[in-house]
Amino acid sequence: MLKDKACIVGIGETGYCRKPGSGMSEEVLQLKASVAALADAGLKGKDIDGVLAFPNLGKSETFAASLGSENLRFAATIHMGGASPVASLRMAAMAVDSGAANYVLIPGGWNGFSGVRVRQTVTTDKNSIPGGAIAWDYYMPQGLTVPPQWYALMCRRHMHEYGTTHEQMGAVAVAMRKHAQLNPGALMCGKPLTIEQYMASPMLADPYRVNDCCLETDGAAAFIVTTVERAQDLGKTPIYIMGAASGQPYPADEFTTRKDFHQTGLTIAAPEAFRMAGVTARDIDFAQIYDCFTFEVIQQLEEAGFCKRGEGGSFVENGGIELGGHLPVNTSGGLLSEAHSLGLGHIVEAVKQLRGDAGERQIADAQLGVVTGWGDFGDGSIAILRK
Amino acid sequence: MSEYNKPLPGMDGLTKEFYDFCKDEALHFQKCTACGSFRHVPREMCAQCNSFEWEWMKSSGRGTIYSWVVINRALHPAFYDSNPQAVPMAPVVVEMEEGVRLLSNMVGCTPDELKMDMPVEVVYEAVTDEITLPRFRCSQA
Ligand SMILES: [Zn+2]
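Treat the numbers as computed from the prediction; the structure is a model and nothing was measured.

Parameters and conventions
- Residue indices follow the written sequence of each chain, beginning from 1 at its first position.
- Starting at A for chains and at 1 for ligands, labels are handed out in the order in which the entities are written.
- Local features in this predicted model are restricted to residues of pLDDT 70 or higher, and side-chain atom pairs are both shown and tallied only at a pLDDT of 80 or more, whereas totals for entire chains, interfaces and linings draw on every residue.
- With hydrogens and water stripped out, all remaining heavy atoms of the structure feed into the side-chain values.
- Labels follow the DSSP assignment, with helices taken as runs of H or I lasting at least four residues and strands as runs of E lasting at least two, numbered in each case from the N terminus.
- Only protein chains enter the accessibility calculation, which uses a 1.4 Å probe. A residue is then buried if its area is under 20% of the maximum for its type, exposed if over 50%, and partly exposed in between.
- When checking whether two residues touch, look at their non-hydrogen atoms; a contact exists if any pair is within 4.5 Å.
- Positive charge is attributed to Lys and Arg, negative charge to Asp and Glu, and no charge count is given to His or to the chain ends.
- Think of each charge as sitting on NZ of Lys, CZ of Arg, CG of Asp or CD of Glu.
- Taken over C-alpha atoms, the radius of gyration is set against a globule rule of 2.2 Å times the number of residues to the power 0.38.
- Under the convention used here, a 1.4 Å probe and the Shrake-Rupley method define accessible areas, while residue burial counts only the protein chains that appear.
- By construction, the arc corresponds to the directions joining the helix axis to the C-beta atoms.
- Values labelled buried area give the accessible surface lost by two parts on being combined, using a 1.4 Å probe and summing over both.
- When a carboxyl oxygen of Asp or Glu is within 4 Å of a side-chain nitrogen of Lys or Arg, the pair counts as a salt bridge.
- Two strands pair under a simple rule: DSSP has to find at least two bridges between them.
- For this analysis, a nonpolar core means a set of buried residues of the types Ala, Val, Leu, Ile, Met, Phe, Trp, Tyr and Cys, connected via side-chain atoms within 4.5 Å.
- Cavity and pocket criteria rest on a 1 Å grid covering protein atoms alone: a 1.4 Å probe that fits but cannot get out defines a cavity, protein on both sides within 12 Å along at least 5 of 7 lines defines an open pocket, and an atom within 4 Å of a point defines a lining residue.
- Grid points are joined across faces, edges and corners, and a volume is the space filled by probe spheres set on the points.
- Three residue categories are used. Nonpolar comprises Ala, Val, Leu, Ile, Met, Phe, Trp, Tyr, Cys and Pro, charged comprises Asp, Glu, Lys and Arg, and polar comprises the others, including Gly.
- Axis definition: a line fitted to C-alpha atoms, limited for helices to the stretch in contact. Angles are taken between N-to-C directions and run from 0 to 180 degrees.
- With water omitted from the atoms examined, metal sites may look incomplete; donors here are N, O and S atoms no farther than 2.8 Å from the metal, or 3.2 Å in the case of Na, K and Ca.
- Only four donors with every angle between 85 and 135 degrees are called tetrahedral; only four or six donors with opposite donors over 155 degrees apart and all others between 65 and 115 are called square planar or octahedral, in that order; all others are irregular.
- Only Phe, Tyr and Trp rings take part, Trp by its six-membered ring, and two of them pair if their centres are within 6.5 Å. Stacked means planes under 30 degrees apart, edge-to-face means over 60, and tilted covers everything else.
- Charge-over-ring contacts are defined here by two conditions on Lys NZ or Arg CZ: a distance within 6 Å of the ring centre and an angle within 35 degrees of the ring normal.

1. Some details on the overall build of chain B
Secondary structure summary: chain B contains two helices and nine strands in total. For chain B, the N- to C-terminal ordering of α and β elements is α-β-β-β-β-β-α-β-β-β-β. Overall, the C-alpha framework of chain B stretches about 50 × 35 × 25 Å when taken along its three principal axes. Counting every position in chain B, which comprises 141 residues, the buried fraction comes to 48%. Put simply, 55% of the contacts in chain B that link residues at least 6 apart link residues at least 24 apart. Considering chain B, the positive charge centre built from 13 side chains and the negative charge centre built from 20 side chains are found 4 Å apart.

Spelled out as structure tokens, the structure:
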């Protein structure tokens, strides 16, 4: 059992921006976030002996070389897109618990605004896209080329079967934007969004409007995992990994033929994580849910067990996921209104909330938090954290 | 036809076989000869029974609409730059009588006219000399 065997002991961020861009390479961005995480933990680069790099955004050995991590013993990358950081969190816990490494660094960051934009899906290399040759041979020739279009197909079927509405999707967008108003680091701080403005937002990939989609931003974040024993010797309140799991929908490389069209990686992963932690969804004080698009928040709340499948729409209505609601979600503003930090920001925000460092958006006496990741065609990862 | 500059499938292996059938205006799916399961997209073995024995079977070509997305703003340069009239377009997931699902597009049916479970049938669009894509139209029967 991995329960309470490892802790997050350091977090770092670069800050996020759009125009004119970070002015730094993606490698430098991630190194700056890593240095910030080391400082937060009270560690040096040479202490790091494990690195889990984000897919396609740099190699573990490159980060180790720059940071002076002379004893790199554990290096890997988990290929789950936006689900990778939380899946890496679990893998880091496994690594330190087994002794494969003592201090594992997980960096991630990109020039998602000023560099290659998500929308410009790579058109020359079939191996670089989720689904690989399947997407290349069977999706792209039919005009299905980018994530909002894939997920819109899932969303419309959900709307048909369960009556999920645009207004409910809008409730997600509005909640994230409200939270961003309390986060000076959020790109949408100072730019509130009403449900009326949301409903007037133009359709991009119907049922997705522009305001259903996450931001495209530059920036990086990083965090460090070590054993519970080592965590006691460091400066900050250790954040315990009570439960963690990841999973893949079936089949993971193709989504249109799934027997259970609404299955995601979380369908498998969430029960495992809650069982490991020995808590239930009702015990959770907040959730940081990977919000690439509004509907994916609704879908993950369902598959993670915060409500039944089909009830996610009503779960998010009437301020249910806002601060003060039954389950505050994405207290930083998330990918929709803070920045697209590839899911690392969700982990960083969970740590801030559990440490009591979340400023104006702090949840009083936050004890238990959930973080999820979502990637590719619905890969899922989840961690249950406590202080 | 030489001006077609939208994404095309890689024409090798089972994918070439699948699209070569389309060129002959005959949609085919793989059927496992051990357990009888149909499958799409093409794969080398049956995920139900792990048999490597299979044959191509001609599809009835009939199915129903399972989901769709209306793309109002194309985000891929080939769909965006080449032809502004290309949007809105509406990729559809069709659930075939054989039980498999297939991603395609409708012809002669605007996005507004799409309905869940609407019966559709396959038609063929030769987009280049070599490649024909399966499309669908509202069922005529
Ligand atoms: Zn079989």
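2. So, the overall build of chain A
The number of helices and strands found in chain A is 13 helices and 11 strands. The C-alpha radius of gyration computed for chain A amounts to 19 Å, which stays within 12% of the reference 21 Å derived for 387 residues, consistent with globular compactness. By its C-alpha atoms, chain A is 55 × 50 × 40 Å across when sized along the principal axes. The buried share of chain A, taken over its 387 residues, is 65%. Taking the contacts inside chain A whose residues are at least 6 apart along the sequence as the reference set, 75% of them involve residues at least 24 apart. Accessible area for chain A stands at about 12900 Å²; split by element, carbon and sulfur atoms hold 51% of it. Within chain A, one finds 32 positive and 41 negative side-chain charges whose respective centroids are separated by 2 Å.

3. Section: helix 1 (residues 13–23) of chain B
Residues of helix 1 of chain B that are buried: Leu 14, Thr 15, Phe 18, Tyr 19 and Cys 22 of chain B. Viewed along the axis of helix 1 of chain B, the buried residues span an arc of 130°, placing them on a single side of the element. Against helix 4 (133–139) of chain A together with strand 1 (28–32), strand 3 (54–58), strand 7 (101–104), strand 8 (119–126) and strand 9 (132–138) of chain B lie the buried residues of helix 1 of chain B. Looking one or two places after helix 1 of chain B, you find Glu 25 of chain B, whose phi comes out positive at around 55°.

4. Some points on the interface of chain A and chain B
Counting residues at the interface gives 38 residues for chain A and 40 residues for chain B. Interface area, chain A with chain B, both sides summed: about 3400 Å², of which 56% is carbon and sulfur. If you look at where chain A meets chain B, you find one salt bridge. Close ionic contact of Asp 253 of chain A with Arg 43 of chain B constitutes a salt bridge, the shortest N to O distance being 2.8 Å. With eight residues, helix 5 (residues 147–162) of chain A is the single largest residue contributor to the side of chain A that touches chain B. In this structure, strand 5 (residues 203–206) of chain A lies alongside strand 5 (residues 70–71) of chain B, joined through two bridges in antiparallel fashion. The residue bridging Ala 205 of chain A from the neighbouring strand is Ile 71 of chain B, located in strand 5 of chain B.

5. Here we look at the nonpolar core
Of all hydrophobic cores here, the largest spans 105 residues; its most connected members are Phe 274, Leu 301, Phe 306 and Ile 382 of chain A. In terms of nonpolar packing, the next biggest core, distinct from the first, is built from 40 residues, Ile 11, Tyr 16, Ile 106 and Ala 221 of chain A among them.

6. A closer look at the layout of surface pockets
Looking at the second largest pocket, its volume works out to about 490 Å³. Among the residues forming the lining of the second largest pocket, the class breakdown is eight nonpolar, five polar and eight charged.

7. Here's the deal with the sheet that holds strand 11 (residues 379–386) of chain A
Residues and elements named next belong to chain A. The strand order across the open sheet formed by nine strands is 3-2-4-7-1-8-11-10-9, and the pairing between neighbours is mixed. The two strands at the open ends of the sheet, each matched to only one other strand, are strand 3 (74–76) and strand 9 (286–288). Direction aside, the axes of adjacent strands within the sheet are offset by 25° on average. As defined by bridge partners, strand 1 (residues 6–13) adjoins strand 8 (residues 239–247) across two bridges and the pair is classed as antiparallel.

8. Some thoughts on unusual backbone geometry
Residue and element names in this part refer to chain A. Note the cis peptide between Asp 206 and Pro 207, where omega equals 20°. Within the secondary structure layout, Pro 207 lies in the loop between strand 5 and strand 6 (208–209). Although it is not a glycine, Leu 342 adopts a positive phi angle of roughly 60°. Structurally, Leu 342 is set in the loop between helix 12 (334–337) and helix 13 (344–355). Given the relative accessible area of 4%, Leu 342 is considered buried. The backbone of Asp 376 sits at a positive phi, close to 50°, despite the residue not being glycine.

9. Concerning the coordination of the zinc ion
Residues and elements named next belong to chain B. Within the protein, the atoms that donate to the zinc ion are Cys 32 (SG), Cys 35 (SG), Cys 46 (SG) and Cys 49 (SG), at distances of 2.3 Å. For the zinc ion, the four donor atoms are set out with angles of 102 to 115° between them, so the coordination reads as tetrahedral. In primary-sequence terms, the residues that donate to the zinc ion follow C-x2-C-x10-C-x2-C. Of the two residues, Cys 32 sits in strand 1 while Cys 49 sits in the loop between strand 2 (38–39) and strand 3, which places them 17 residues apart along the sequence. Look at Cys 49 and you get partly exposed, because its relative accessible area is 34%.

10. Brief notes about the environment of Thr 294 of chain A
Residues and elements named next belong to chain A. As for its position among the elements, Thr 294 is in helix 10 (residues 294–303). Using a relative accessible area of 0% as the deciding quantity, one classes Thr 294 as buried. The spatial distance from the C-alpha of Thr 294 to the C-alpha of His 166 is 9.7 Å, given a sequence separation of 128 residues. Setting aside chain neighbours within four positions, we find Thr 294 in contact with Met 169, Val 172, Ala 173, Tyr 208, Asn 211, Asp 212 and Leu 336.

11. Focus on the sheet that holds strand 5 of chain A
Strand order in the open sheet formed by three strands is 6(A)-5(A)-5(B), and the pairing between neighbours is antiparallel. Both outer strands of the open sheet, strand 6 of chain A together with strand 5 of chain B, are each paired with one neighbouring strand and no more. Lying on the sheet, helix 5 of chain A is in contact with strand 5 and strand 6 of chain A together with strand 5 of chain B; it crosses strand 5 of chain A at an angle near 60°.

12. With respect to the packing of aromatic side chains
Taken as a whole and assessed by the stated rule, the structure comprises 15 aromatic pairs over all chains. Judged by centre distance (5.5 Å) and plane angle (75°), the ring pair of Tyr 138 of chain A and Phe 18 of chain B falls under edge-to-face. Linking Tyr 138 of chain A in helix 4 with Phe 18 of chain B in helix 1, this pair reaches from one chain into another. For Tyr 138 of chain A, a relative accessible area of 5% puts it in the buried group. Three or more aromatic residues joined by ring pairs make a cluster, and in this case those are Tyr 139, Trp 150, Tyr 151, Tyr 208, Phe 255, Phe 293, Trp 374 and Phe 377 of chain A. Lying over the aromatic face of Tyr 66 of chain B, Arg 157 of chain A brings its terminal NZ or CZ to 3.9 Å of the ring centre. Its guanidinium or amino end placed over the ring of Tyr 240 of chain A, Arg 386 of chain A lies 4.1 Å from that ring's centre, counting from NZ or CZ.

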